[in-house]
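# Structural overview for review
Each chain, letter by letter, is given below.
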Amino acid sequence: MSKFLLLLLVVSLNSAATPNSIIAIVNDHLITRDAINTKSDAQKSKEGKLEAVNQQVDILLQMDKVKQLGVKPKPAAINNMLKRVASQNKLTLEQLQKRPEFGEIMASIQQQLSLNGLKELISSKAKLTISQAEIDQTIKDNPASGDDIETQIRIAQIAISSIDKTDSLLQSQDDLIQALLVDLSIQIKQGKSFSGLAKLYSQDESYKNGGESDWIIQKRLPKDFIKAIKALKVQELSAPFKAGNGWRLVKIIEKRQVDNHLKTIKAALIRQKKNQYFSNWTKKLRKDAYIEIFDHKL
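Below is a summary of the structure that appears in this document. Bear in mind the structure is a predicted one, so any value in this text is a computation, not a measurement.

This part is about the overall build of the protein. Counting its regular elements, the protein contains 10 helices and seven strands. Taking all 298 residues of the protein together, 34% fall into the buried category. Here the analysis covers contacts within the protein between residues at least 6 apart in sequence; of these, 66% occur between residues at least 24 apart. When the accessible surface of the protein is summed, it comes to about 19,100 Å², and 51% of that surface belongs to carbon and sulfur atoms.

Structure representation (C-alpha cells):
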C-alpha cells in the first residue's frame, strides 16, 4: 500500500475510530491506540505513550526483517515457552491449549522468539573485540570476591560397581572390588598403563576414553569423592574408595584455577557490545523507513 493511500485511510478512519484511532504509520503498517494500551503508570503520560509507540515501531520494522530473512523459531523452543507459561499459571500444557486466549499467547511467543532469533542473527555479524583497558576498567568498577576463583580438575578413574563372586562366595562384593582395585593400583605403580587398565576394567562410561574426564568443578563432586582426592597431587594415585554405587581408583591429570569473575566480565562486555550493535542496526532500519507518529493523539 502506498504512503499516500495510507494517509487517505487515516483521514477516512479518524472520525469513525475514536476508541481505537490510528496514532502512527510505519511503512505499510498502522499502529492504533489499542496497540499501546497499558495500565502502566509510566505510560499514562504522553512521554510514556510515545515510548510505547516507538517500541511498537521497532517491533514492526524488525518483524518485517524476520519475514525477509526467513527467521523462524524452532518448534522445541516454542514448546518450552508454552510449558513455562503453563507452569507459571499452574496449568498443564493441555489446559493452556484449551484456553480462549491460547491463540494470542502462541502469537506472542512466536513473535518474541522470532525477534530473539533476529537479534542473534544480526549480532553474530558484528566483529567485536574487547580491549584489556575495557576489561581492567570493568573489573575496577566491579571487583571480584573470593568465591569467584574456582578449582577445576581433570581426572582419570577406574570405577567398578559389581564383580563376579563365583569363585569367592565367602567374600562380599565390596571386599572383592577393593582387592581388585588394590591389585590394579600396584600394577599402575609398576608401570602398567592406567588408560589401558581403565579400558579393560572400568564400568564407567569414561572407560572409552581411558577413564579420563573433561574439566570438572571440584567442589561439585560428591562429598566422598572430594574427601578421597582432596590431598592428591597431580598424577598421584588415590587409594581405592567408595563413592555412590561403586568403588573407584582415581588420579588427577591436571588442576587449574579459573577466575569466573573474569569470564563474567568478558561475557557482560560482549553482551553490551552486541546490544549496542543491534541498537544501531535498528536505528538504521528506522532511518530507512517511512514513519509518521501523530503526537497530538497521545
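Right, let's get into the packing of helix α2 (residues 46-69) against helix α5 (residues 102-123). Orientation of α2 relative to α5, taken along the N-to-C sense of each, is 75 degrees, at an axis distance of 10 Å. As judged from the angle between their axes, α2 and α5 are roughly perpendicular. For the pair formed by α2 and α5, the contact residues are Ile59, Gln62, Met63, Lys65, Val66 and Leu69 on the first element and Gln111, Ser114, Leu115, Leu118, Leu121 and Ile122 on the second.

Right, let's talk about the nonpolar core for a bit. One finds Ile31, Val53 and Leu118 to be the most contacted residues of the largest nonpolar core, which totals 21 residues. Elements represented by at least two residues in this core include exactly β1 (22-26), α2, α5 and α10 (260-288). In terms of residue count, α2 provides more of this core than any other element does, seven residues in total. Among all residues touching Val53, those that are not within four sequence positions of it are Ile23, Ala24, Ile31, Ile36, Ile293 and Leu298. Among the nonpolar cores identified, the runner-up in size contains 15 residues, and Ile160, Ile177, Leu180 and Leu237 belong to it.

One pass over the full model with this rule turns up eight salt bridges. The partner of Asp58 in a salt bridge is Arg286, and the shortest N-O contact between them spans 3.0 Å. Of this pair, Asp58 sits in helix α2 while Arg286 sits in helix α10; the two residues are 228 residues apart in sequence, bridging distant segments of the chain. A salt bridge links Lys208 to Glu205, with the nearest nitrogen and oxygen atoms 3.0 Å apart.

Both strand β3 (residues 149-160) and strand β6 (residues 246-259) contribute to a ladder of 12 bridges, which runs antiparallel. Note on β6: the bridge partner recorded for Ala156 is Lys251. Two strands pair when backbone bridges link them, and strand β5 (residues 241-243) and β6 are joined in this way by three bridges, in the antiparallel orientation. Bridge assignment links Phe241 to a residue of β6, and that residue is Arg248.

Applying the stated criterion across every chain yields a total of two aromatic pairs. With a centroid separation of 5.3 Å and an interplanar angle of 80 degrees, the aromatic rings of Phe225 and Phe241 are classed as edge-to-face. With Phe225 in helix α9 (residues 223-229) and Phe241 in strand β5, this pair connects stretches of sequence that are 16 residues apart. Taking the relative accessible area as the measure of exposure, Phe225 reaches 5% and is therefore buried. On the accessibility criterion, Phe241 (9% relative accessible area) is buried. Between the aromatic rings of Phe278 and Trp281, the centroid separation amounts to 5.4 Å while the plane-to-plane angle is 25 degrees, which identifies the pairing as stacked. One end of the pair is Phe278 and the other is Trp281, both in helix α10 and three residues apart, which spans about a single turn. Judged by its relative accessible area of 8%, Phe278 is buried. Looking at Arg256, its charged tip hangs above the ring of Trp215, at a distance of 3.9 Å from the centre.

With that out of the way, let us pick up the sheet that holds strand β2 (residues 29-32). Pairing is antiparallel across the open sheet formed by three strands, whose spatial order is β2-β1-β7. Here the strands that pair on one side only, and so sit at the sheet edges, are β2 and β7 (291-293). Looking at each pair of strands side by side, their axes are set apart by 20 degrees on average, direction ignored. Direction of pairing for β1 relative to β2: antiparallel, over a ladder of four bridges. Counterpart to Ile25 in the pairing with β2 is Leu30.

The next subject is the sheet that holds β5. As summarised here, the arrangement of the four strands in space is β4-β3-β6-β5, forming an open sheet in which the pairing is antiparallel. Edge positions in the sheet fall to β4 (216-217) and β5, since each has one partner strand and no second. Relative to the sheet, helix α7 (residues 173-189) contacts β3, β5 and β6, its axis offset from that of β6 by approximately 55 degrees. The sheet strands contacting helix α8 (residues 194-201) are β3 and β6, and the helix crosses β3 at an angle near 60 degrees.

Conventions adopted
- Residues numbered from 1 in each chain as written.
- Predicted model: local features only at pLDDT ≥ 70, side-chain atom pairs only at ≥ 80, totals over all residues.
- Heavy atoms only, no water.
- Helix = DSSP H or I, 4+ residues; strand = E, 2+ residues; numbered from the N terminus.
- Buried < 20%, exposed > 50% of the residue type's maximum accessible area, 1.4 Å probe, protein only.
- Contact = heavy atoms within 4.5 Å.
- Areas by Shrake-Rupley, 256 points an atom, 1.4 Å probe, with all protein chains shown as cover.
- Axes fitted to C-alpha atoms, helices over the stretch in contact; angles between N-to-C directions.
- Parallel < 35°, antiparallel > 145°, perpendicular 65-115°, else oblique.
- Core = buried A, V, L, I, M, F, W, Y, C linked by side-chain atoms within 4.5 Å.
- Salt bridge = Lys/Arg side-chain N within 4 Å of Asp/Glu carboxyl O.
- Pairing = 2+ DSSP bridges.
- Phe/Tyr/Trp six-rings, centres within 6.5 Å; stacked < 30°, edge-to-face > 60°.
- Lys NZ or Arg CZ within 6 Å of the ring centre and 35° of its normal.

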